[in-house]
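Residue-level structural notes
The chain contents come next:
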Amino acid sequence: MGISDDTVVLAERLSDQFARIMFRCMSERLVEELTAAEVTYPQLQVLHYVSRHSHVSVGDVAAGLDISYPSATNMIQRLGKKGLICKTEDPRDRRAVNITLSEKGARVVNWLDRERSTRFALILDKMEPAERQAFYCALGRFVCSAIDADIASPDELCLRCGQDRVDGCVVREREGNDFCK
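All residue numbers refer to position in the chain's written sequence, counted from 1. Residues qualify for local features only when their pLDDT is at least 70, as the model is predicted, and side-chain atom pairs are given and counted only at 80 or more; totals for whole chains, interfaces and linings, by contrast, use all residues. The side-chain numbers reported here are obtained from all heavy atoms of the structure, hydrogens and water having been left aside.

So, the environment of Tyr41
Definition in use: Helix and strand assignments follow DSSP, with helices taken as H or I runs no shorter than four residues and strands as E runs no shorter than two, numbered in order from the N terminus. Exposure classes here rest on a 1.4 Å probe applied to the protein chains alone. A residue is buried below 20% of its type maximum, exposed above 50%, and partly exposed in between. In this analysis, two residues are considered to be in contact whenever any of their non-hydrogen atoms come within 4.5 Å of each other.
For Tyr41, the location among the structural elements is in helix 2 (residues 41-52). A residue is classified by how much of its surface remains accessible, and Tyr41, at 23% relative accessible area, is partly exposed. A C-alpha to C-alpha distance of 6.1 Å links Tyr41 and Glu28, two positions 13 residues apart in sequence. Residues contacting Tyr41, with those up to four places away along its chain left out, are Phe23, Ser27, Glu28 and Val31.

What about the packing of aromatic side chains?
Here a ring pair, both rings aromatic, is described through the centre-centre distance and the interplanar angle of the planes. The test is simple: Here a pair means two rings of Phe, Tyr or Trp (six-membered ring of Trp) with centres within 6.5 Å. Their orientation is stacked below 30 degrees between planes, edge-to-face above 60, and tilted elsewhere.
Counted by the stated rule, this structure contains two aromatic pairs. Geometrically, the ring pair formed by Phe18 and Phe135 is edge-to-face, given 5.8 Å between the ring centres and 65° between the ring planes. Of this pair, Phe18 sits in helix 1 (residues 5-32) while Phe135 is found in helix 6 (residues 129-148), placing the two residues 117 residues apart along the sequence. Note on Phe18: relative accessible area 32%, which makes it partly exposed. Within the aromatic cluster, the residues linked to one another by ring pairs are Phe18, Phe135 and Tyr136.

Some thoughts on the environment of Arg107
For Arg107, the location among the structural elements is in helix 5 (residues 103-125). Its relative accessible area of 53% is what places Arg107 among the exposed residues. Along the backbone, Arg107 and Leu84 are 23 residues apart, and their C-alpha atoms lie at a distance of 9.0 Å.

Things to note about helix 4 (residues 69-81)
To keep things clear, this is the line we draw: Multiply 1.5 Å by the residue count of a helix minus one, and that product is the helix's expected span. Note: the arc covers the axis-to-C-beta directions of the helix.
In a regular helix each residue adds 1.5 Å, so 13 residues correspond to 18 Å; helix 4 covers 18 Å between its end C-alpha atoms and thus fits that length. Where helix 4 is concerned, the buried positions are Ala72, Met75, Ile76 and Leu79. Projected down its long axis, helix 4 shows its buried positions confined to an angular sector of 100°, all on one face. Seen from the open side of helix 4, the exposed residues pointing more than 90 degrees away from its buried face are Pro70 and Lys81.

Concerning the pattern of salt bridges
Put simply, the test is: A pair is scored as a salt bridge if a Lys or Arg side-chain nitrogen falls within 4 Å of a carboxyl oxygen belonging to Asp or Glu.
What the rule picks out here adds up to two salt bridges. Across the pair Glu115 and Arg119 runs a salt bridge whose closest N-O atoms are separated by 3.1 Å. Residue Glu115 and its partner Arg119 are located together in helix 5, separated by four residues, close to a single helical turn. Between Asp148 and Arg141 there is a salt bridge whose closest N-O contact spans 3.8 Å.

Details of unusual backbone geometry
Positioned with a positive phi, Asp66 is a non-glycine residue whose angle comes to about 55°. With respect to the secondary-structure elements, Asp66 resides in the loop between helix 3 (58-65) and helix 4. The exposed category is assigned to Asp66, whose relative accessible area is 71%. One non-glycine residue, Asp150, lies in positive phi territory at about 60°. Position of Asp150 among the secondary structure elements: in the loop between helix 6 and helix 7 (154-157). With a relative accessible area of 70%, Asp150 lands in the exposed category.

Okay, here's the thing in structure tokens:
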């Protein structure tokens, strides 16, 4: 490699700090603020997945979040007991169950999404427009480089955005496929 050890160490540390901000400050801390709903971070991921996809089954949740079927089943049961999701029989196949957000679940997801966007906007607002553009480009290139180096696969990185997919997704554009379904 033509990269100095100091550069690698700095990149690792900055990446760790970025990941901590994104996970701890922008996601996990928000979940902690939802103490009344008693939602864990993994449960929030299930709620987000269900909110972004229609006609979701337990198997879809397990595959979409790359978790085991029993884990998905347990989380869905807990979320159902909390009144955050609804399970209905699929009229086409009585053995299948469709999972949707309840009104309460939709309120929780919408609040968290708005709050997370507000916090992200506060951070981005502290950056100059050119810095924001460089940030977007650098993150996109980092993701593509991870794919090119076989460190991560597009399937692992895909957030399964469903109907919330965003134009400019580097994973989708990089592969020329629509991984966001």
